[in-house]
Amino acid sequence: IVQLTVESDPLCMVSPVIAEHGLDYALRAYNAQLPESYFRSEEMRSWIGSAIDRLGHRFNHTVAGRLRDLGLQAEAEFLMSRLGGVAADGDVDTLAWNGATGDIFVIECKRLLADKTVGEIAERLVEFGPNHVERNGRRGPTRRHLDRVAILRSRLPHLAAATGIAENAIRIRSCLVTSAL
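Small disclaimer: the values here were computed from a predicted structure and weren't measured.

A. Representation of a nonpolar patch on the surface within the structure. A cluster of nonpolar residues, Val2, Leu4, Leu11 and Met13, forms a patch on the protein surface that exposes about 380 Å² of accessible area. For leucine 4, the position within the fold is in the loop between β1 (2–3) and β2 (12–13). Of the residues examined, leucine 4 reaches a relative accessible area of 49% and is grouped as partly exposed.

B. Structural detail: the packing of aromatic side chains. In the structure shown here, the tally under the stated rule is one aromatic pair. Residues tyrosine 25 and phenylalanine 39 carry aromatic rings whose centres are separated by 6.5 Å and whose planes lie at 50° to one another, so their mutual orientation is tilted. Separated by 14 residues along the polypeptide, tyrosine 25 in helix α1 (residues 16–30) and phenylalanine 39 in the loop between α1 and α2 (42–69) bring together distant segments of the chain. On the basis of relative accessibility, which here comes to 32%, the residue tyrosine 25 falls in the partly exposed class. The class for phenylalanine 39 is buried, based on a relative accessible area of 10%.

C. Structural detail: the environment of leucine 112. Within the secondary structure, leucine 112 sits in the loop between β5 (103–110) and α3 (118–127). Relative accessible area serves as the criterion here: at 30%, leucine 112 is assigned to the partly exposed category. Beyond its immediate chain neighbours, meaning those up to four positions away, leucine 112 contacts Thr178, Ser179, Ala180 and Leu181.

D. Representation of the sheet that holds strand β4 (residues 91–98) within the structure. Read across the open sheet, the four strands follow the order β3-β4-β5-β6; overall the sheet is mixed. In this open sheet, the two edge strands, each paired with only one partner strand, are β3 (73–79) and β6 (171–178). Averaged over neighbouring strand pairs, the angle between their axes works out to 25° when direction is ignored. Pairing analysis gives five bridges linking β4 to β5, with the strands arranged antiparallel. In the strand pairing of β5, leucine 95 is matched with valine 106. Strands β3, β4, β5 and β6 of the sheet are contacted by α2, whose axis makes an angle of about 155° with β3. Against the sheet, helix α4 (residues 141–154) makes contact with β4, β5 and β6, and its axis sits at roughly 160° relative to β5, the strand it touches most.

E. Focus on the layout of surface pockets. Considered as a void within the structure, the largest pocket measures approximately 1,300 Å³ in volume. Lining the largest pocket are 37 residues, and of these Glu36, Lys110, Glu127, Glu134 and Arg144 lie nearest its centre. Breaking the lining of the largest pocket down by element, the ones donating at least two residues are α2, β4, β5, α3 and α4. A per-element tally of the lining of the largest pocket places α2 first, with eight residues. Of the residues in the lining of the largest pocket, the class split is ten nonpolar, nine polar and 18 charged.

Cut-offs and rules
Here the residue index of a chain counts from 1 through its sequence in written order. With pLDDT at 70 or above as the cut-off, local features in this predicted model cover only qualifying residues; side-chain atom pairs require 80 or more to be listed or tallied, and sums for whole chains, interfaces and linings still use all residues. Side-chain descriptors were evaluated using all non-hydrogen atoms of the structure, hydrogens and water having been removed beforehand. Patch membership requires more than 30% relative accessible area and the absence of a salt bridge. Residues of like charge join within 9 Å; the nonpolar side chains Val, Leu, Ile, Met, Phe, Trp and Tyr join within 5 Å. Only the protein chains shown count as covering a residue, and every accessible area follows the Shrake-Rupley method with a 1.4 Å probe. The rule for a salt bridge is simple: a side-chain nitrogen of Lys or Arg has to be within 4 Å of a carboxyl oxygen of Asp or Glu. Strands are runs of DSSP state E lasting at least two residues, helices are runs of H or I lasting at least four, and both sets are numbered from the N terminus onward. Buried means the residue's accessible area, taken with a 1.4 Å probe over protein chains only, is under 20% of the maximum for its type, while exposed means over 50%, and partly exposed covers the values in between. Stacked, tilted and edge-to-face are the three classes applied to pairs of Phe, Tyr and Trp rings, where Trp contributes its six-membered ring and a pair requires centres within 6.5 Å; stacked means planes under 30 degrees apart, edge-to-face means over 60, and tilted covers the rest. Throughout, a contact is declared for two residues whenever any of their heavy atoms are within 4.5 Å. Strand pairing follows a simple DSSP-based rule, namely that at least 2 bridges must link the two strands. Here the axes come from fitting lines to C-alpha atoms, over the contacting stretch only for helices, and the angles between their N-to-C directions go from 0 to 180 degrees. A pocket here means an open set of points on a 1 Å grid, computed over the protein atoms alone, that has protein on both sides within 12 Å along at least five of seven lines. A cavity is instead a set of points where a 1.4 Å probe fits but cannot get out; residues with an atom within 4 Å of a point line either one. Grid points are joined across faces, edges and corners, and a volume is the space filled by probe spheres set on the points. Lys, Arg, Asp and Glu make up the charged group, whereas Ala, Val, Leu, Ile, Met, Phe, Trp, Tyr, Cys and Pro make up the nonpolar group; the residues left over, Gly among them, are polar.

Here you go:
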């Protein structure tokens with residue numbers, strides 16, 4: 001923005017490209033389409049984190065509903081503590097199963113952000129790497145998912161009771177469902 005005059009309501013010149021980019025960025029932030037790492041203030045990180053979390057939970061339920069439409073039994077946000085785990089184990093975004101085949105789908109649901117640059121795409125690939133550690137010291141999303149799958153494999157009797165599938169018929173399938181390609 002270049003100010004051209006000095007009065008109280010000055011005449012300014014704005015580059016249309018910069019204005020469009022600024023508006024796009026503001027709208028992406030408002031719609032929780034940017035990661036927390038893009039923001040510096042704690043207030044904005046908290047706001048965007050809450051918005052991303054709310055939309056992520058909604059996506060988990062959308063996936064579970066679609067799987068039920070396809071004839072599977074499915075439950076969004078299946079608590080690991082129901083299988084003898086502890087609260088720190090978290091939950092499976094969506095657990096779905098087919099009683100006839102014994103398949104149990106442990107599904108990690110991800111609402112993908114609209115990464116546009118090579119740098120943004122690279123950041124996302126690092127974030128979803130199996131050994132990624134987040135800034136707060138937490139394991140990355142892929143590691144947490146793989147750890148939950150391992151816990152489920154070690155708790156087959158509990159999983160059998162929760163799904164109604166005989167323990168010896170269970171086939172655990174680790175899956176990732178994304179909101180976009």
